[in-house]
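# Structural overview
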Amino acid sequence: MQVSHDQTTREVLPATVRSRFPGLRRLRGEGTEARRAWRAAYVRSIVLGDAVAAVLAATIGYFGRFGTDVDGAAQYSLWAALVMPVVWVAAMHIGRSYEERFLWVGAEEFRRVLHAAAVLLAAVAVVSWGLDLRVARGFVVIALPVATVLTLLQRYLRRQALHRARAGGAFQQTTLVVGHRNAVASLHAELDRAGYHGYRVIGCCLPDGRAADRPTDFDGLPVLGGLDEVLDVVQRFEVDTVAVMPCPELDGPSLRRLGWDLEKTEAELLLAPAVTEVVGPRVAIRPVCGLPLLHVERPELRGVRRLAKTAVDASLAATALLLTLPLFLLIALALKTTSRGPVFFKQTRVGRDGQTFSMLKFRSMVQGADRMAEVLEADNDGNGVLYKRKVDPRVTRVGRVLRRYSLDELPQLLNVLRGDMSLVGPRPPLPSETERYGFDMRRRFLVKPGITGLWQISGRSDLSWDDSVRIDVRYVENWSLSFDMMILWKTLGAVIRGRGAY
């Protein structure tokens, strides 16, 4: 007699789990390959997009350099324009920019595109010189940069479309979280928050000994087994990804055997390091005595890198001030004509090394609003440490518009020029807030506070206090100029959406 998938699942799941998590029954038979079929289509789409970008770039480069002329150099360049799409896609392939592990999230895909483009430019220069090819330099100088920009743009747009689809529940990877309770709950919260990464947690495996003593659910997830039952759970539910958190029961030999076991399945194995919030160039795996050890470099917060950050801050802030000067005048006029009080609001904040400074903002509240805070403190929509209200009666009509689009923070460009703040950094806290800081949170004082930062692009006032601490520490631990540029770019989207801006 044949047994259906649902019957098989019911035999191994308690009735309480079946009733609380009916979706688990549908996983069986859904198929890992079926859930991953979209990946190949995605890769084909970006390959086609790269080819189209190269065709457009070659066309722009050729006509931009020669127009309708057909001399000797133009003929050589015409051949170069015709083969450019093939050469461009080949360069992207050699640069490994089509490998799935570099796609979907992170900056590695874009770094590989830039690296492949730079290598191709150098190769064209060497080959043209070595073989005495008469390819016009004007064509190369136009076509390759245009191809790079168009390739990056089309990949970015495709990724954003994928992220939107994932946020809506499509293109997900079923994920099993393995480890102790606190670690499982922390990772579950992170994956839920970052839904665009595409990891859908379907359950967990906990080290709770015998099955009879094991809870049926934890943190809103079904407990599908113990640490020695991971392979069985993966095969039973055709899990795509197994995320293993630091756990003394899963030591080196145990993890090695788990990796061997998962080779029999289609599941990917993710190992979370014990050191969290440290990513990017500070982390590298290096062999030591035959063991792959995780090396964590010191954060580079001083010296040349700090000088470079200061120079970039000053130049960008000065440019932004010049460009927004008409907006400054318009906002000042609106504030003066609609409510009493000064145009600017000064407030004492804590900066680098715990030093206080006067932070500037456009006044968005009625005059004397700070004296009304104690009366309104009971109605706090903040996270327990930060006082925020979604509907604050102290905010003026103009102030609501300024806050909605973060225009009230424009005067902080002057703080950047004075050296009190940076364009990107942790949120500048009030002295009263720092009195409640724990040891971890004081690490934020190693860098200047910023006009924008991870806090601003991750939800702002909607974040819990623990999330705010984690995000600020993550920035300090992983600062780099490229990281700052990424945050500045994402700030534009955060300002437009206005999430958490109140």
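Quick note: structure is the one above.
This section reports on the structure supplied with the text.

Cut-off values and rules
- Residues numbered from 1 in each chain as written.
- Predicted model: local features only at pLDDT ≥ 70, side-chain atom pairs only at ≥ 80, totals over all residues.
- Heavy atoms only, no water.
- Buried < 20%, exposed > 50% of the residue type's maximum accessible area, 1.4 Å probe, protein only.
- Helix = DSSP H or I, 4+ residues; strand = E, 2+ residues; numbered from the N terminus.
- Arc of directions from axis to C-beta.
- Contact = heavy atoms within 4.5 Å.
- Salt bridge = Lys/Arg side-chain N within 4 Å of Asp/Glu carboxyl O.
- Pairing = 2+ DSSP bridges.
- Phe/Tyr/Trp six-rings, centres within 6.5 Å; stacked < 30°, edge-to-face > 60°.
- Expected span 1.5 Å × (residues − 1).

### Quick look at helix α13 (residues 397–404)
Among the residues making up α13, those that are buried are V398, G399, L402 and R403. Across the axial projection of α13, the buried residues extend over an arc of 130 degrees, all falling on one side. Close packing links the buried residues of α13 with α11 (304–338) and β10 (356–362). Following α13 by one or two positions, S406 has its phi on the positive side, about 60 degrees.

### Overview of the environment of L82
By the element assignment, L82 lies in helix α5 (residues 72–94). The exposure class assigned to L82 is exposed, which follows from its relative accessible area of 56%. Separated by 24 residues in sequence, L82 and A58 have C-alpha atoms that sit 7.7 Å apart.

### Remarks on the pattern of salt bridges
Following the criterion strictly, the structure yields 15 salt bridges and no others. For the salt bridge of R159 with E109, the shortest nitrogen-to-oxygen distance reads 2.6 Å. Taken together, the residues R159 in helix α7 (residues 137–167) and E109 in helix α6 (residues 108–130) connect sequence positions 50 residues apart. Summarising the burial analysis for this pair, R159 and E109 share the class buried. Residues K361 and D408 are paired through a salt bridge, measuring 3.4 Å at the closest nitrogen-oxygen approach. Linking K361 in strand β10 with D408 in the loop between α13 and α14 (412–418), this pair joins segments that are 47 residues apart in sequence. The same class applies to K361 as to D408, namely buried. Taken together, the salt bridges that share partners define one network made up of D50, E109, R155 and R159.

### Remarks on the pairing of strand β1 (residues 173–178)
For a regular strand, side chains alternate in direction, first toward one face of the sheet and then toward the other. Along β1, six of the six residues are buried, which leaves the element largely enclosed by surrounding structure. Of the two faces of β1, the one carrying Q173, T175 and V177 and the one carrying T174, L176 and V178 are both buried. Two elements, β1 and strand β2 (residues 199–205), share six bridges in a ladder whose sense is parallel. For L176, the partnering residue across the bridge sits in β2 and is G203. With four bridges joining them, β1 and strand β5 (residues 241–244) adopt parallel strand pairing. Considered in β5, the bridge of L176 is made with V242.

### What about the sheet that holds β1?
One open sheet holds the six strands; their spatial order is β3-β4-β2-β1-β5-β6, and the pairing between them is mixed. Every interior strand has two partners, whereas the edge strands, β3 (217–218) and β6 (268–271), have only one. In terms of strand pairing, β5 meets β6 through four bridges, oriented parallel. Residue T241 lies in a different strand from β6, and its bridge partner there is E268.

### Some thoughts on the packing of aromatic side chains
Each pair of aromatic rings is reported with the distance of its centres and the angle of its planes. Enumeration over the complete set of coordinates arrives at eight aromatic pairs. With a centroid separation of 4.9 Å and an interplanar angle of 65 degrees, the aromatic rings of Y42 and W104 are classed as edge-to-face. Of this pair, Y42 sits in helix α4 (residues 32–66) while W104 sits in the loop between α5 and α6, and the two are 62 residues apart along the sequence. Relative accessible area serves as the criterion here: at 8%, W104 is assigned to the buried category. Note on F344 and F362: the rings are 5.4 Å apart at their centroids and 15 degrees apart in plane angle, and the pair reads as stacked. Linking F344 in strand β9 (residues 344–350) with F362 in strand β10, this pair joins segments that are 18 residues apart in sequence. Taken together through their ring pairs, the aromatic side chains of W38, Y42, W104 and F171 make up a single cluster.

### Re α7
Look at α7: 45 Å from first C-alpha to last across 31 residues, which is about the 45 Å you get at 1.5 Å a residue. Positive backbone phi, at 100 degrees, marks G169, one or two positions downstream of α7.

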